[in-house]
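# Fold and geometry: a report
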Amino acid sequence: MREDVRFESNALCWILMPETLRGLWRQRLRWAMGAQVLFAQYTHLDQWRHRRMLPVYIEYFTSVLWAFAIATVVLLWLLGKFVAMPEALYVSTLLPGWYGVVIGTTCLIQFAVSMMLDSRYERGLGRCYYWMIWYPLAFWMLNVCTTLAALPQLLLRRDLRARWISPDRGLHPSNARGSQAK
Amino acid sequence: MTRHLIIDRPDLQSWRQRAVFGSLTVMFWMLWLLLWLPLITLLGWLFFGFQVNLQMVDFRIHGGTICSWPCITPAFDMHAGAGAL
């Protein structure tokens, strides 16, 4: 049977997000580990039948490469604070240059476009745009950390069975009332 | 579609969580604006520069009007002088 993928503009998807930083860290670490296992074991770059997966692979490998590049830059910047570095390896500041701003702006434009499209279904969605700055400035950094943390965890772990605890669901009205009562 | 599809209950957060989250967001936007500062400066230079040129140099030479910004005048007098040469 031949499979095909089409765009369905009326499809609605939803996701339950973790409500604490700890929960978010666990979720992202799990996803990073899962992705690394998947791509290490089941990547079929040599098969014509999987050619349509190529953009997904490229996107993923670029993200991983980017995460390690950012980590290298941070490491070089830190080293430069204590050791005299050769000029080629000296990182003067962690503030992103124009390329960083271009990537961040692309991200914010993507959010604007997607919110514009989604506003068909969700009125007043644009109000959430104020919080989107977290994505390029904080969430990407979190992903860098989880990508880095996932690799040694994968290499070192003996247990091949994947296990996890579902993200926290701490913000229940009953819990909030309880904490307020205390 | 209805709005209740999205679970958005900031009222269930403590005031501390809301305060930290809110002030960090303001800081992030300010940092983001800071990254744009070179371009803003460039645009300011271009726009403001042209305005100054128009008001202080061209207008002054051709119109002969007295400039209202005496502190900037000498610098642009030099430009005007160079232009006249």
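Bear in mind the structure is a predicted one, so any value in this text is a computation, not a measurement. (Residues numbered from 1 in each chain as written. Chains lettered and ligands numbered in written order. Predicted model: local features only at pLDDT ≥ 70, side-chain atom pairs only at ≥ 80, totals over all residues. Heavy atoms only, no water.)

Scanning chain A from terminus to terminus reveals five helices and zero strands. Across chain A, helices and strands are ordered from the amino to the carboxyl terminus as α-α-α-α-α. Residue burial in chain A is summarised as follows: out of 182 residues, 24% are buried. On chain A, roughly 14200 Å² of surface is accessible, and the fraction owed to carbon and sulfur atoms is 65%. (Helix = DSSP H or I, 4+ residues; strand = E, 2+ residues; numbered from the N terminus. Buried < 20%, exposed > 50% of the residue type's maximum accessible area, 1.4 Å probe, protein only. Areas by Shrake-Rupley, 256 points an atom, 1.4 Å probe, with all protein chains shown as cover.)

The subject of this paragraph is the overall build of chain B. Across its full length, chain B carries three helices and zero strands. For chain B, the succession of helices and strands along the chain, N to C, is α-α-α. In chain B, which comprises 85 residues, the share counted as buried stands at 13%. As displayed, chain B has an accessible area near 6900 Å², and 73% of this comes from carbon and sulfur atoms.

Right, let's get into the packing of helix α2 (residues 54-82) of chain A against helix α4 (residues 134-156) of chain A. All names here are of chain A. Running from N to C, α2 and α4 point in directions that differ by 95 degrees, and their axes come no closer than 9 Å. As judged from the angle between their axes, α2 and α4 are roughly perpendicular. In this structure, α2 contributes V64, W66, A67, F68, I70 and A71 to the contact, and α4 contributes W140, M141, V144, T147, L148 and L151. (Axes fitted to C-alpha atoms, helices over the stretch in contact; angles between N-to-C directions. Parallel < 35°, antiparallel > 145°, perpendicular 65-115°, else oblique. Contact = heavy atoms within 4.5 Å.)

What follows is about α2(A). Residue and element names in this part refer to chain A. With 29 residues, α2 extends 42 Å between its outermost C-alpha atoms, agreeing within 8% with the 42 Å of an ideal straight helix rising 1.5 Å per residue. Within α2, the full set of buried residues consists of Y57, Y60, V64, A67, L76 and G80. Buried residues belonging to α2 abut α1 (21-41) and α4. (Expected span 1.5 Å × (residues − 1).)

What follows is about the side chain of R28(A). Residue and element names in this part refer to chain A. By secondary structure assignment, the location of R28 is in helix α1. Buried charged residue R28 carries no salt bridge. Nearest counter-charge: E59, at 10 Å. For R28, the residues in contact, after removing those within four places along its chain, are M17, F139, L142, N143 and T146. (Lys, Arg positive; Asp, Glu negative; His and termini not counted. Salt bridge = Lys/Arg side-chain N within 4 Å of Asp/Glu carboxyl O.)

All right, on to α1(A) then. All names here are of chain A. A rise of 1.5 Å per residue sets the reference length of α1, with its 21 residues, at 30 Å; its end C-alpha atoms lie 30 Å apart and thus fit the reference within 8%. Within the span of α1, buried status applies to G23, L24, Q27, R28, L29, A32, M33, A35, Q36 and F39. At its buried positions, α1 is contacted by α2 and α4.

To continue, consider the pattern of salt bridges. Residue and element names in this part refer to chain A. Within this structure, the stated rule accounts for one salt bridge over all chains. Measuring nitrogen to oxygen at the nearest pair gives 2.9 Å for the salt bridge that ties R6 to D4. Accessibility expressed as a relative area gives 44% for D4, which makes it partly exposed.

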